[in-house]
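Residue-level structural notes
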Amino acid sequence: MQDQLIGVGTALRKAREKRGLTLEEASRDTKLATEQLLALEEERFSELLGDVYVRGSLRTYAQYLGLSGDKVVGAYANRVEDPAPPEPPAGLGRIEAAIAATRIRDNQRLLILVALTVLLVAVVFGLVSRKNPSPDIAPLSSIAAQPAGDRQIVLAMTALRDVRVTVTTDGLAQTLDLLQDEERSFSADSTLIVYLEQGGSVQLILNGSNLGTPGESGRPWEKTFSYESPGGTSSPSG
């Protein structure tokens, strides 16, 4: 079943076409498959690997196209987290209550539509583009040569069971006790280190690429992701 369109995909497609890029070129640079990029542009989110993956992919693709990753992901989040309309005022008849509820829901959707319209207009006129609109973003293997402001490491994490993790972003460490199915995302400018007390306990997605469930059950696992060593260095210990 086709997801209800919200305008995010249109904004991505127009930004790509404005820069004269094909899906194949965007796939080469972002390391996201052309089918995944097309699914994002057509807002077929249910065909992708879940909410965390969709958010990471949207952020990666938007930043690649010179858009605000926060605004694009925020527009998607508004769709996913669309709240149920409040109850209509008491004392109304059945028909009047149904009409009131419909109007409340329409007002909520109107606010989201206005926000998306502003984003789309900004794409058309280049208001959310970077000062340098060049889309030439190298893959992680060669991105170390780029200025620090044009690169970012984004890691999405989903706990497959209860586990304690320590994530260090650019030297700042934080330890979290994740519950099963809990989702977290982290970003760093130069270095991101992940330490799991139990390997095989989380699913990782790095800049939109699925890394699977690294490590072995019963053994700690650690990995460093950086632009100097983009593939990371793994050091599981017994």
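Residues numbered from 1 in each chain as written. Predicted model: local features only at pLDDT ≥ 70, side-chain atom pairs only at ≥ 80, totals over all residues. Heavy atoms only, no water.

1. Quick word on the overall build of the protein chain
Per the secondary structure count, the protein chain includes six helices and nine strands. Taken over 238 residues, the protein chain has a buried fraction of 40%. Look at the contacts in the protein chain between residues 6 or more apart in sequence, and 60% of them connect residues 24 or more apart. (Helix = DSSP H or I, 4+ residues; strand = E, 2+ residues; numbered from the N terminus. Buried < 20%, exposed > 50% of the residue type's maximum accessible area, 1.4 Å probe, protein only. Contact = heavy atoms within 4.5 Å.)

2. A look at the sheet that holds strand E6 (residues 202–206)
Across a sheet, strands are paired by hydrogen bonds formed along the backbone, either parallel or antiparallel in direction. In spatial order, the strands read E4-E1-E6-E7; together these four strands make up an open sheet with antiparallel pairing. For this open sheet the edge positions go to strand E4 (183–188) and strand E7 (209–212), each flanked by a neighbour on one side alone. Strand-to-strand, the axes of this sheet are offset by a mean angle of 20 degrees, without reference to chain direction. As paired elements, E6 and E7 share three bridges and run antiparallel to each other. Among the inter-strand pairings, Leu-204 is bridged to a residue of E7, identified as Gly-212. Running at roughly 175 degrees to strand E1 (residues 153–159), helix H4 (residues 51–64) makes contact with E1, E4 and E6 of the sheet. (Pairing = 2+ DSSP bridges. Axes fitted to C-alpha atoms, helices over the stretch in contact; angles between N-to-C directions.)

3. Section: the side chain of Glu-41
Along the chain, the position of Glu-41 falls in helix H3 (residues 34–41). A distance of 2.6 Å separates polar atoms of two side chains, one belonging to Glu-41 and the other to Arg-16. One polar contact links Glu-41 to Tyr-61, side chain to side chain, over a distance of 2.7 Å. Beyond its immediate sequence surroundings of up to four residues, Glu-41 is in contact with Gly-9, Thr-10, Leu-12, Arg-13, Arg-16, Leu-23 and Tyr-61. (Polar contact = N/O pair within 3.5 Å; in protein donor to acceptor, adjacent residues only side chain to side chain.)

4. Observations regarding the pairing of strand E5 (residues 191–196)
Two faces make up the sheet, and in a regular strand the side chains alternate between them. What you see with E5 is a clean split: Leu-192, Val-194 and Leu-196 sit on the buried side and Thr-191, Ile-193 and Tyr-195 on the side with no burial. As judged from the five bridges shared by strand E2 (residues 163–169) and E5, these two strands associate in the antiparallel manner. By the bridge assignment, Val-165 is partnered in E5 with Leu-196. Pairing of E5 with strand E8 (residues 221–226) involves six bridges; the strand directions are antiparallel. Of the residues in E8, the one forming a bridge with Leu-196 is Trp-221.

5. Brief notes about the environment of Glu-216
For Glu-216, the position within the fold is in the loop between E7 and E8. Along the chain, Glu-216 and Gln-198 lie 18 residues apart, while their C-alpha atoms are 7.4 Å from each other. What Glu-216 contacts, discounting residues up to four positions off in sequence, is Gly-199 and Gly-200.

6. Here's the deal with the pattern of salt bridges
If you walk through the whole model with that rule in mind, you get ten salt bridges. Across the pair Glu-216 and Arg-219 runs a salt bridge, and its minimum N-O distance is 3.5 Å. Each of Glu-42, Arg-44 and Glu-47 takes part in a single network of salt bridges with overlapping partners. (Salt bridge = Lys/Arg side-chain N within 4 Å of Asp/Glu carboxyl O.)

7. A short note on H4
Residues separated by three or four positions in an α-helix point in the same direction, a consequence of the helix having 3.6 residues per turn. In this model, H4 (14 residues) spans 20 Å end to end at C-alpha, consistent with the 20 Å of a helix rising 1.5 Å per residue. Just past H4, the residue Gly-66 takes up positive phi, approximately 85 degrees. (Expected span 1.5 Å × (residues − 1).)

8. Structural notes on unusual backbone geometry
One can expect most non-glycine residues to show negative phi and most peptide bonds to be in trans. Positioned with a positive phi, Lys-31 is a non-glycine residue whose angle comes to about 65 degrees. Position of Lys-31 among the secondary structure elements: in the loop between helix H2 (23–30) and H3. Phi is positive for Glu-43, which is not a glycine, with a value near 60 degrees. Relative to the helices and strands, Glu-43 is located in the loop between H3 and H4. On the accessibility criterion, Glu-43 (1% relative accessible area) is buried.

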